[in-house]
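What follows is the residue order along each chain.
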2 protein chains.
Amino acid sequence: MSEISPLPLIGAAAQRARSAARVLRTLSTDAKDAALTAMAEALVERTDQILAANATDVDAARADGTPEAIIDRLRLDADRIAGVAGALRELVALPDPVGDVVRGSRLPNGLDLRQVRVPLGVVGIVYEARPNVTVDAAGLCLKSGNAALLRGSASAFATNTALIAVLTEAGEKAGLPAGFVELLPADRASVGELLGARGLVDVVIPRGGASLIQRVVRESRVPVIETGEGNCHVYVDASADPAIAEAVVLNSKTHRVSVCNSAETLLVHRDVPFLPRLLSALTEAGVTVHGDPAVLAAAGAGSSAVLPATDEDWGAEYLSMDMAVRVVDDLPQALDHIARWTTGHTEAIVADSATAIAAFTAGVDAAAVMVNASTRFTDGGEFGFGAEIGISTQKLHARGPLGLPELTSTTYVVTGRGHVR
Amino acid sequence: MSEISPLPLIGAAAQRARSAARVLRTLSTDAKDAALTAMAEALVERTDQILAANATDVDAARADGTPEAIIDRLRLDADRIAGVAGALRELVALPDPVGDVVRGSRLPNGLDLRQVRVPLGVVGIVYEARPNVTVDAAGLCLKSGNAALLRGSASAFATNTALIAVLTEAGEKAGLPAGFVELLPADRASVGELLGARGLVDVVIPRGGASLIQRVVRESRVPVIETGEGNCHVYVDASADPAIAEAVVLNSKTHRVSVCNSAETLLVHRDVPFLPRLLSALTEAGVTVHGDPAVLAAAGAGSSAVLPATDEDWGAEYLSMDMAVRVVDDLPQALDHIARWTTGHTEAIVADSATAIAAFTAGVDAAAVMVNASTRFTDGGEFGFGAEIGISTQKLHARGPLGLPELTSTTYVVTGRGHVR
């Protein structure tokens, strides 16, 4: 129980969500799955209505001079709506984490102890342009028994309003309590209220760029699960296989540059003989290399695509076809570099030496460590966990892909027959 | 990586702890256990030195007019030192959580996925008078591979300084890195620095009264694990066995009143015929009952120990021989009362109806639910988990007793042979 200050923008929605959470935690998996299916069907049936709302957002964005790349993220079409409906149906197939017995035993005094997964309660999610997040987040929260408070971007507000109207109507018709999902106003102050709503909201998950995440972490009195900042490193050891090194480096950097699990920095042991080849492979793939003096020397005078690296490069999450490259004296120097600059997302080693692999794995402090594999594999889908709400880069509660079990807490249920101490 | 502001009081200690954490995470269980044993021996060997420092604290407290009950918490003697040394030896016997594989599988593409427990890093603990917490916390952090930043109370500073000197010397002689445990200055500003040291400190655990915990939660930019506030309820259903109800209520309230898992409020179904007997059992045991009108009526005119209850009583964590008692119409009303007033620690039901038990267990949102058992069982030792650093009343990361596994995070280690997407 905590003091709750008045929340003019989100208070009513948060109270409805709080009430809904008390019902949601008791729903059977069948009831939740039936609602997810109904919501998926309603999205497809009411595609026209959603597209009309989306056209409003797209027109307004275009009138504002929004870049086409961002407009493309905002835009829905029938295929994309079918896609988000399909994502809801995929949730039906995933196991319900609620009720899972995490551990259980009979204590020496005869008490039966079970640690059981329960929903978190009310989950707030703050995110940016893509309207598919609205549906994904609502579905993940429902399947895990949580009420969802969604605060999307102003640019997608008409679309999100239409999506939530469809989800709410279908969900309530399928028996869900009012308030199981609530769309919050898209102004800046609503985020502030959400972050202050300790006691009403159990967790806030920011999903977006670094500045959003940092605002949330700085301001929130509600517990936060940080997601997504990824300054990922690939370290190529002296024992690395040249072909594996080239494949892993190129894939980690270039497979999709705009995502948090793409690599930003390459660290190469000074005894690696094939550094020039790695550098030309990167530049041939269109990557601008930002190198330390040893890299500049290895690249040679003829390579115009190598720029000198500064501390800004070591700290950069480029999210572009740029890569910082440094030659290190040994593995401990690589670990020092990573400890200095990591965001704790994913670090990779390419090596054949078991000693080097063990030292790297033990020495790196991150959500994921890749051994002879691309950083791009840090992903709930790739890990076989199904849908995810983001990649947690924090150490408490959940680290790595945030799937359904990570949206739960636990309760110890202790059963006796009049046991006293 | 985060911006770190200058920390004049704790910066040097926090940096030493940060460096130590990188070494501690790689230590073998044997190395940590050998250090724990050496630390236990050193405490016993240097009992005289510790007692001399403790006498300074005790004399100063007495000169300040500190109540004897608090002085008793502060006071050490040879037996108590042997006790804390014994607690370190018990940690040797507990399994090391670091390196535990939480889950693992071979993915369809041949990647080997393992989720492995790793230390959190640097753990800050803010606590009050008892100097045994200094040793317990240092030991729990060491066994779980974490560096510890300990901020104890000013009244125990001489004792804590002596204890940490002994632990540091013995630990470092046994091979631990400098900075594995650090005692922070005991002034108020050092807490503020600790709570702001995001990026240097991985988690702060407050261990103490409600005002300490609330300050930490309000101010901290470092993730917090809340412990300890317990407004615990016992609900006696209409189906309850009278003898079990009396035993559980009395034990929950009176076994030890000053602890967070003692009960503060009793909710009794209106069809329970034995309410008068429960009330007289409580008053005979010396409990002051604060009752609603139905309780006052049941107690009858002769019972002077029953006072009228107000909202303050429903919200009170008395930690004394007081109990708020309310008659409820049914189980849903009991759940509503608990939802309104709970601190999320422990709620108990006494009932024989499986339907009532299931509804209570599903409907209550707390770290622990006791079924026909005393609230006093919510305890790491009672649960068979060994030593604990407190009882978490929050939902993220750890809920319930905080033992060694709860002082860890995880890393996904993904091993391929040149795998790319």
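Looking up chain A in an unreviewed UniProt entry gives the name Gamma-glutamyl phosphate reductase, with the organism given as Blastococcus goldschmidtiae. According to the UniProt record, the Function (unreviewed entry) comment for chain A is "Catalyzes the NADPH-dependent reduction of L-glutamate 5-phosphate into L-glutamate 5-semialdehyde and phosphate. The product spontaneously undergoes cyclization to form 1-pyrroline-5-carboxylate." Taken verbatim from the UniProt record of chain A, the Sequence similarities (unreviewed entry) comment is "Belongs to the gamma-glutamyl phosphate reductase family."

Enquirer: Would you take a moment to explain the overall build of chain A for this structure?
Expert: Secondary structure assignment for chain A yields 15 helices and 16 strands. For 421 residues, the compact-globule estimate of 2.2 N^0.38 gives 22 Å, and chain A sits close to it at 24 Å. The principal-axis extents of the C-alpha atoms in chain A amount to approximately 70 × 70 × 40 Å. Across the 421 residues in chain A, those meeting the buried criterion constitute 56%. Long-range contacts, defined as pairs at least 24 residues apart, comprise 72% of the intrachain contacts of chain A with a sequence gap of at least 6. As displayed, chain A has an accessible area near 15,200 Å², and 53% of this comes from carbon and sulfur atoms. Where the 36 positive side-chain charges of chain A centre and where its 50 negative ones centre are 9 Å apart.

Enquirer: Just to check I follow, could you spell out the environment of Val201(B) for this structure?
Expert: Residues and elements named next belong to chain B. In this structure, Val201 sits in the loop between α8 (188-196) and β6 (203-207). Residue classification places Val201 among the buried positions, given a relative accessible area of 3%. Residues Val201 and Leu120 lie 81 residues apart in sequence; the distance between their C-alpha atoms is 9.4 Å. In contact with Val201, not counting residues within four places along its chain, are Arg18, Val122, Gly124, Leu149, Leu194 and Val222.

Enquirer: Teacher, can you tell me more about the packing of helix α10 (residues 242-254) of chain B against helix α11 (residues 275-284) of chain B here?
Expert: The relative placement of two packed helices is expressed as an angle between their axes plus a distance between the axes. All names here are of chain B. Between α10 and α11, the shortest axis-to-axis distance is 10 Å and the interhelical angle comes to 30°. Of the two possible hands of crossing, α10 and α11 adopt the one that is right-handed. Taking contact as the criterion, the partners of Pro242, Ala245, Glu246, Val249, Leu250 and Lys253 in α10 are, on α11, Arg277, Leu278, Ala281 and Leu282. Partitioned by chemical class, the residues of the contact of α10 with α11 number seven nonpolar, no polar and three charged.

Enquirer: What's the story with the domain arrangement of chain A in this structure? I'm lost.
Expert: All names here are of chain A. According to the domain assignment, chain A contains domain 1 (11-227 + 398-415) and domain 2 (232-382). Centre-to-centre, using C-alpha coordinates, domain 1 lies 35 Å away from domain 2. Contact between domain 1 and domain 2 buries roughly 380 Å² in total, counting both sides, with carbon and sulfur atoms accounting for 52%. On the surface where domain 1 and domain 2 come into contact, there are one salt bridge. When the shortest N-O distance is used, the salt bridge between Asp365 and Arg399 registers 2.9 Å.

Enquirer: Please explain the interface of chain A and chain B as it appears in this structure.
Expert: Accessible area lost on assembly of the parts is the figure often given for the size of an interface. At the interface, 77 residues of chain A touch 77 residues of chain B. Summed over both partners, the interface of chain A with chain B buries about 6,300 Å², with 54% contributed by carbon and sulfur atoms. Run the count over chain A and chain B and you get twelve salt bridges. Here Lys395(A) ties to Asp202(B) by a salt bridge, and the two come within 2.9 Å at their closest N and O atoms. On the surface where chain A and chain B come into contact, there are 45 residue pairs in polar contact (both at pLDDT 80 or more). Looking at the side of chain A that touches chain B, the element that brings in the most residues is strand β16 (residues 408-419) of chain A, giving eleven residues. Per-class residue counts for the side of chain A that touches chain B are 35 nonpolar, 22 polar and 20 charged. In this sheet, strand β16 (residues 408-419) of chain B lies alongside strand β13 (residues 368-373) of chain A in parallel orientation, the contact comprising five bridges. Looking at the pairing, Met370(A) lines up with Val414(B) of β16(B).

Enquirer: Where do I start with the UniProt feature "domain: Aldehyde dehydrogenase" (unreviewed entry) in chain A in this structure?
Expert: Under the feature "domain: Aldehyde dehydrogenase" (unreviewed entry), the UniProt entry names residues 11-285 of chain A. With 52% helix and 16% strand, the stretch residues 11-285 of chain A has end C-alpha atoms that lie 51 Å from each other.

Enquirer: Please clarify how the side chain of Lys395(B) should be interpreted in this entry.
Expert: Relative to the elements of secondary structure, Lys395(B) occurs in the loop between β14 (391-392) and β15 (400-401). A distance of 2.9 Å separates polar atoms of two side chains, one belonging to Lys395(B) and the other to Asp202(A). Not counting residues up to four positions away in its chain, the partners in contact with Lys395(B) are Arg18(A), Leu120(A), Gly121(A), Asp202(A), His397(A), Ser409(A) and Asp365(B).

Enquirer: For this particular structure, what's the right way to read the packing of aromatic side chains?
Expert: Each aromatic ring pair is specified by the distance between its two centres and by the angle formed by the two planes. Inspection of the entire model under this criterion finds eight aromatic pairs over all chains. Ring geometry for Tyr412(A) against Phe385(B): centres 5.8 Å apart, planes inclined by 50°, an arrangement best described as tilted. In this pair, Tyr412(A) sits in strand β16 while Phe385(B) sits in the loop between β13 (368-373) and β14, so the two residues belong to two different chains. Judged by relative accessible area, Tyr412(A) falls into the buried class, the value being 1%. Taken together through their ring pairs, the aromatic side chains of Phe383(A), Phe385(A) and Tyr412(B) make up a single cluster. In this structure, Arg103(B) is placed above the aromatic ring of Phe385(A), and the distance from its NZ or CZ to the ring centre is 3.9 Å.

Enquirer: I'm lost on the pattern of salt bridges in this one. Help?
Expert: Side-chain pairing between opposite charges can occur once the charged atoms of the two side chains come close. Within the structure shown, the criterion is met by 44 salt bridges over all chains. Between Arg46(A) and Glu169(A) there is a salt bridge, with the nearest N and O atoms lying 3.0 Å from each other. On the criterion of sequence distance, the pair formed by Arg46(A) in the loop between α2 (29-45) and α3 (47-63) and Glu169(A) in helix α7 (residues 157-173) is long-range, its members being 123 residues apart. Given the relative accessible area of 22%, Arg46(A) is considered partly exposed. Take Glu169(A): its relative accessible area is 41%, and that puts it in the partly exposed class. Of the charged contacts, one joins Glu68(B) and Arg62(B) as a salt bridge, the two residues approaching to 3.4 Å between their closest N and O atoms. What makes Glu68(B) partly exposed here is its relative accessible area of 45%.

What counts as what
Counting starts from 1 at the beginning of each chain's written sequence and moves along it residue by residue. Starting at A for chains and at 1 for ligands, labels are handed out in the order in which the entities are written. With pLDDT at 70 or above as the cut-off, local features in this predicted model cover only qualifying residues; side-chain atom pairs require 80 or more to be listed or tallied, and sums for whole chains, interfaces and linings still use all residues. Side-chain measures were taken over the full set of non-hydrogen atoms in the model, leaving aside hydrogen atoms and water. UniProt positions are given in the numbering used here, feature names are shortened, and annotations may be inferred rather than shown by experiment. Going along the chain from the N terminus, every DSSP run of H or I of four or more residues is numbered as a helix, and every run of E of two or more is numbered as a strand. The atom set for the radius of gyration is the C-alpha atoms, and the globule formula is 2.2 Å times the number of residues raised to the power 0.38. For every residue, the accessible area (1.4 Å probe, protein chains only) is compared with the maximum for its type, and the residue is labelled buried under 20%, exposed over 50%, or partly exposed between those bounds. The criterion used for residue contact is that any of the two residues' heavy atoms lie within 4.5 Å. Here the Shrake-Rupley method, with its probe set to 1.4 Å, supplies the accessible areas, and only the displayed protein chains count as covering residues. Residues scored as positive are Lys and Arg, those scored as negative are Asp and Glu, and His as well as the terminal groups of each chain are ignored. Charge placement uses NZ in Lys and CZ in Arg. For Asp and Glu, CG and CD serve respectively. Orientation is described by axes fitted as lines to C-alpha atoms, over the contacting stretch for helices, and by angles from 0 to 180 degrees between their N-to-C directions. We call a crossing left-handed when the near helix sits turned anticlockwise from the far one by less than a right angle, and right-handed when that turn is clockwise. Asp, Glu, Lys and Arg are counted as charged, while Ala, Val, Leu, Ile, Met, Phe, Trp, Tyr, Cys and Pro are counted as nonpolar; the rest, among them Gly, fall into the polar class. What counts as a domain boundary in this text is fixed by an automatic or database domain assignment. Using a 1.4 Å probe, buried area is obtained as the accessible area two parts lose upon being combined, added over both of them. The salt bridge definition used is simple: a Lys or Arg side-chain nitrogen within 4 Å of an Asp or Glu carboxyl oxygen. Polar contact is the term for a pair of N or O atoms within 3.5 Å; when the atoms are in protein, one must be able to donate a hydrogen and the other to accept it, and sequence-neighboring residues count only if both atoms are side-chain atoms. A pair of strands is labelled paired if DSSP reports no fewer than 2 bridges between them. For Phe, Tyr and Trp, rings pair up if their centres lie within 6.5 Å, where Trp contributes its six-membered ring, and each pair is then called stacked (planes under 30 degrees apart), edge-to-face (over 60) or tilted (otherwise). Only Lys NZ and Arg CZ are tested; either one counts as a charge over a ring when it is within 6 Å of the ring centre and within 35 degrees of the ring normal.

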